[in-house]
Amino acid sequence: MTTQTHTSLHLTRRLRRLRRSEALRAMVRETRLSPDMFVLPLFVCEGEGIRREVSSMPGVFQLSVDEAVKETAAAHSDGVRSVLLFGLPDQKDDIGSGAYDPEAPVQSAIRAIKRETPGTLVITDVCLCEYTDHGHCGIVIDGEIVNDPTVEQLARAAVSHAAAGADIVAPSDMMDGRVAAIREALEEAGHQNVAIMAYAAKYASAFYGPFREADGSLGRLKGDKRGYQMNPANIEEALREVELDLAEGADFVMVKPGMPYLDVIRQVKDAFGVPTFAYQVSGEYAMIEASAAAGAGDRDALILETLIAFKRAGASGVLTYHAVDAARLIAV
Ligand code: PBG
């Protein structure tokens, strides 16, 4: 039996016409990535000459200030001009007072980066969890993470980052009213030009797993963060969080984690039309690296496909541990 071939269906619409060559595909491409939209998160520890790999995040390191400066300069030469700094102080206490120590790793790194690579935008994570001995993002009294005293500490931390030269402060604690308090404190201290990138819709997520090793809180944190971070089941609440943070003076908002929350990014962008960033978090990074290592997917393609998904969903930019890899991939 011969198979019959139909040679002409006389279709007027053939969408495959525009997929026939690389040039055609490029011409009708709807979204593009640019290194300018990437922010590289860095973990800054005490000491000198330290590059300690995070075992659950191959390719990500805890860096002393001198090494963080080198990493920032290298990223800059690949076109990634913004970094997000996390501090890993040796000393921690129950109120996170290291968060506003002018000689702490983050404050020192800000000054060093601004000195060595002045064109870099320095964003700082503002939270207490890297500074508290219990690992919670706020002050704990009788088992409760108390909101208002925590907000006071966060405002102190933000002002100290601004005084060291930060361009943008990014509160990631999910306390109520922290954006307003930080804005007011910055104005009072004369830092009118320091912007706020609010982790506005931040979910209590299992995707932060590897971060606990990266920031040294593994085993320290008792309980979970569901009393202040959002329930992954909610999206109306995410819009309320964003609305409040904008009303309190946020210049950017962020949705976190990234890929499982693309619907949230889209709705935030459509509802508010403000700079909306996505955080592709530690667990997402680890998943990409693990699947590539297991031969389950092409690493470069996984990186680019996940990042273009953020752009397609409406993200203005992405905080990603793959920022430099992605910038290099785009350049070729
Ligand atoms: C601090 C903070 C966390 C992350 C960013 N800022 C941890 C948390 O909230 O538990 C997670 C980042 C990542 O997983 O890559 N509050």
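As shown above, the structure is provided for reference.
(A) Local environment of the nonpolar core. Leu 85 and Ile 182 are the most contacted members of the largest nonpolar core, which has 79 residues in total. Among the elements that line this core, the one with the most residues is helix H4 (residues 147-164), at 7 residues. Excluding residues within four positions of it along the chain, Leu 85 makes contact with Leu 42, Val 44, Val 106, Ala 109, Ile 110, Ile 113, Val 122, Ile 123, Thr 124 and Asp 125. Grouped together as the second largest cluster of nonpolar side chains are 26 residues, Leu 88, Ala 170, Phe 252 and Tyr 321 included.

(B) Region of the structure containing the site of the ligand. Contacts to the ligand come from 18 residues, most closely from Lys 202, Lys 225, Lys 256, Ser 282 and Tyr 321. At 3.1 Å from a nitrogen atom of the ligand is found a side-chain nitrogen or oxygen belonging to Ser 172. Lys 256 places a polar side-chain atom, nitrogen or oxygen, 3.3 Å from a nitrogen atom of the ligand. Out of a free accessible area of 400 Å², the ligand has 100% covered by protein chains. Grouping the amino acids of the shell around the ligand by side-chain chemistry returns 9 nonpolar, 3 polar and 6 charged.

(C) Summary view of the packing of helix H3 (residues 105-116) against H4. Direction vectors running N to C along H3 and H4 enclose 25°, while the axes themselves pass 8 Å from each other. When the axes of H3 and H4 are compared, the pair comes out roughly parallel. For the element pair H3 and H4, the recorded crossing hand is right-handed. Residues Val 106, Gln 107, Ile 110 and Arg 111 of H3 lie in contact with H4, whose contacting residues are Ser 160, His 161 and Ala 164.

(D) Layout of the pattern of salt bridges. In total, this model carries 19 salt bridges according to the counting rule given. The salt bridge partner of Asp 36 is Arg 81, with a shortest N-O separation of 2.7 Å. Of this pair, Asp 36 sits in the loop between helix H1 (22-27) and strand S1 (38-45) while Arg 81 sits in the loop between helix H2 (65-77) and strand S4 (82-88), and the two are 45 residues apart along the sequence. Given a relative accessible area of 42%, Arg 81 falls into the partly exposed group. In this structure, Asp 78 engages Arg 328 in a salt bridge whose closest nitrogen and oxygen atoms are separated by 3.1 Å. With Asp 78 in the loop between H2 and S4 and Arg 328 in helix H11 (residues 323-331), this pair connects stretches of sequence that are 250 residues apart. Judged by its relative accessible area of 49%, Arg 328 is partly exposed. Members of the salt-bridge network, linked through shared partners, are Arg 51, Glu 67, Lys 70 and Glu 71.

(E) Structural view of the environment of Leu 24. Position of Leu 24 relative to the elements: it lies in helix H1. Look at Leu 24 and you get partly exposed, because its relative accessible area is 24%. When the C-alpha positions of Leu 24 and Leu 218 are compared, they lie 49 Å apart, and in sequence the two are 194 residues distant.

(F) Highlighting unusual backbone geometry. Between Lys 256 and the following residue, Pro 257, the backbone shows a cis peptide bond with an omega angle of -5°. Along the polypeptide, Pro 257 turns up in the loop between strand S10 (252-256) and helix H8 (262-272). At His 10, a residue that is not glycine, the phi angle is positive and equals roughly 55°. Structurally, His 10 can be placed in the segment before H1. His 10 gets classed as exposed once you look at its relative accessible area, which sits at 69%. In this structure, Asp 142 is a non-glycine residue whose phi angle is positive, near 50°. Mapped onto the secondary structure, Asp 142 falls in the loop between strand S6 (139-141) and strand S7 (144-146). Looking at Asp 142, the relative accessible area reads 81%, which means it is exposed.

(G) Region of interest: the pairing of strand S12 (residues 317-320). Residues Gly 317 and Leu 319 point to one face of S12 and Val 318 and Thr 320 to the other, with burial holding for every one of them. Sheet analysis places S1 next to S12, joined by 2 bridges and oriented parallel. Paired with Val 39 across the strands is Leu 319, a residue of S12. Of the pairings in the sheet, the one linking strand S11 (residues 276-280) to S12 comprises 4 bridges and is parallel in character. Bridge pairing links Gln 280 to Thr 320 in S12.

Calculation criteria
- Residues numbered from 1 in each chain as written.
- Predicted model: local features only at pLDDT ≥ 70, side-chain atom pairs only at ≥ 80, totals over all residues.
- Heavy atoms only, no water.
- Core = buried A, V, L, I, M, F, W, Y, C linked by side-chain atoms within 4.5 Å.
- Buried < 20%, exposed > 50% of the residue type's maximum accessible area, 1.4 Å probe, protein only.
- Helix = DSSP H or I, 4+ residues; strand = E, 2+ residues; numbered from the N terminus.
- Contact = heavy atoms within 4.5 Å.
- Near = heavy atom within 4 Å.
- Polar contact = N/O pair within 3.5 Å; in protein donor to acceptor, adjacent residues only side chain to side chain.
- Areas by Shrake-Rupley, 256 points an atom, 1.4 Å probe, with all protein chains shown as cover.
- Nonpolar A, V, L, I, M, F, W, Y, C, P; charged D, E, K, R; others polar.
- Axes fitted to C-alpha atoms, helices over the stretch in contact; angles between N-to-C directions.
- Parallel < 35°, antiparallel > 145°, perpendicular 65-115°, else oblique.
- Left-handed = near helix turned anticlockwise from the far one by under 90°.
- Salt bridge = Lys/Arg side-chain N within 4 Å of Asp/Glu carboxyl O.
- Pairing = 2+ DSSP bridges.

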